[in-house]
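Residue-level listing of the chains:
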Amino acid sequence: MPNTINKASISRIKSNRRIQPSAKELIKEILSGNKTALSRAITLVESTNQKHNQKANEIIEACLKKKNKTLRIGITGVPGVGKSTFIEAFGNYLISQGKKVAVLAVDPTSSISKGSILGDKTRMETLAKSENAFIRPSPSGDSLGGVARKTRESIILCEATGFDIILIETVGVGQSEIAVHSMVDFFLLLKIAGAGDELQGIKRGIIEMADCIAINKADGKNKQATRNAKIEFTRALHLYPPKKDGWLPKVLECSAINNDGISEIWKMITLFLHETKSFFNEKRKSQNKYWLLQTIENNIVADFYNNKEITLKLEALMIKVKNQEISPFIAAEQLLAFHQKT
């Protein structure tokens, strides 16, 4: 008898887990500020299941109608620069100023195991406990430079949930900065002194996109090196042409672990918003155009690789390329020609 009861209970639990809220139910909860509903909606957005995508699109369309004065801040920097520590310190400061903060952190996906650590909630333990914070780590997958393909849709959902500020962290390993720059209002580049990349950073061109360079870990024996790095980066910024909005990027020092310089960075961002407010709407419109083109590109690629006939043809051509029976370029032309006929 006890075994029968246990099996029945387990069956009911499994059945309840399978019952998913409808799109309308999720929309209602998201617009009321429910973080659980937000998490579920982002899961739908990130799914590759076609039914999930249709449901996600319905939710996104409804959420787009809710207009919020949200500030989107992109944060990037090489691994080890202290992005997670900075975001936690910065997020906690913003919450102390009465803001609601969402963090969209993209974890690098292994090209070998296809796995991601997704440990941002662990690294931002204090921030994660706050009622006014939401942290969502997402696997980067195979998208450009490690930026999750659905980050833009996640931004829309977070805005509809009522978050005032959205912090978007890149993995900081290459071209992800370009993608994040296209979806934010303010772009913050974190650096550390003494890493030997002062001139390297200038050559990479990331500085050209930055609205502010914050030199982190300005504490202890590293203070003098930080001051020197600040001088170098300030000089470097004068080599670049002025931005369209007239803003001259600033170089600041901070120590996220000691909470030093955090309030100064926020003051500088508010100054940026004040000085560039006439360009704000134009920048958002430009972002929407970029999002349109990127979405078309993503959907075309997805449609191409989800075609079973294309997949079979591709496998056959890959064998020929591997055996050097055909060049990769001719194989690509044949596959694209085949796709046009299907």
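Draft legend 1. Region of interest: the packing of helix 2 (residues 23-31) against helix 4 (residues 50-64). In the contact formed by helix 2 and helix 4, the axes pass within 9 Å of each other and the chain directions differ by 35°. For the pair helix 2 and helix 4, the crossing hand works out as right-handed. In this structure, helix 2 uses Ala 23, Lys 24, Leu 26, Ile 27 and Ile 30 to contact helix 4, whose residues at the interface are Lys 55, Glu 58, Ile 59, Ala 62 and Cys 63. For the contact of helix 2 with helix 4, the class distribution of residues is seven nonpolar, no polar and three charged.

Draft legend 2. Structural view of the pairing of strand 4 (residues 165-169). Among the five residues in strand 4, five count as buried, and that is most of the element. Residue alternation in strand 4 divides its side chains into two sets, Ile 165, Leu 167 and Glu 169 and Ile 166 and Ile 168, and both sets are buried. As paired elements, strand 1 (residues 71-76) and strand 4 share five bridges and run parallel to each other. Paired with Leu 71 across the strands is Ile 165, a residue of strand 4.

Draft legend 3. Seen up close, unusual backbone geometry. In the Ramachandran plot, Asn 259 falls in the positive-phi region, its phi being about 60° despite a non-glycine side chain. Note that Asn 259 resides in the loop between strand 7 (250-253) and helix 13 (262-275). You will see that Gln 324, though not glycine, has its phi angle at about 60°, which is positive. Position of Gln 324 among the secondary structure elements: in the loop between helix 15 (308-322) and helix 16 (328-341).

Draft legend 4. Spotlight on the state of the cysteines. One pass over the structure, following the stated rule, counts zero disulfides. Residue Cys 212 stays outside any disulfide, its sulfur separated by 8.5 Å from that of Cys 254, the closest cysteine. For Cys 254, a relative accessible area of 1% puts it in the buried group.

Draft legend 5. Structural detail: the packing of helix 2 against helix 3 (residues 35-46). Running from N to C, helix 2 and helix 3 cross one another at 130°; their axes reach a closest spacing of 8 Å. Compared by their axis directions, helix 2 and helix 3 come out oblique. Crossing angle aside, the handedness with which helix 2 passes helix 3 is left-handed. Residues Leu 26, Glu 29 and Ile 30 of helix 2 touch helix 3, and the partners they reach there are Ala 37, Leu 38, Arg 40, Ala 41 and Leu 44. Broken down by class, the residue content of the contact of helix 2 with helix 3 amounts to six nonpolar, no polar and two charged.

Draft legend 6. Summary view of the pairing of strand 1. Of all six residues in strand 1, six are buried; the element is thus mostly enclosed. Residues of strand 1 alternate between two faces, with Leu 71, Ile 73 and Ile 75 on one and Arg 72, Gly 74 and Thr 76 on the opposite face, all of them buried. As defined by bridge partners, strand 1 adjoins strand 5 (residues 186-192) across four bridges and the pair is classed as parallel. Residue Gly 74 lies in a different strand from strand 5, and its bridge partner there is Phe 187.

Reading the values: the criteria
- Residues numbered from 1 in each chain as written.
- Predicted model: local features only at pLDDT ≥ 70, side-chain atom pairs only at ≥ 80, totals over all residues.
- Heavy atoms only, no water.
- Axes fitted to C-alpha atoms, helices over the stretch in contact; angles between N-to-C directions.
- Helix = DSSP H or I, 4+ residues; strand = E, 2+ residues; numbered from the N terminus.
- Left-handed = near helix turned anticlockwise from the far one by under 90°.
- Contact = heavy atoms within 4.5 Å.
- Nonpolar A, V, L, I, M, F, W, Y, C, P; charged D, E, K, R; others polar.
- Buried < 20%, exposed > 50% of the residue type's maximum accessible area, 1.4 Å probe, protein only.
- Pairing = 2+ DSSP bridges.
- Disulfide = S-S within 2.5 Å.
- Parallel < 35°, antiparallel > 145°, perpendicular 65-115°, else oblique.

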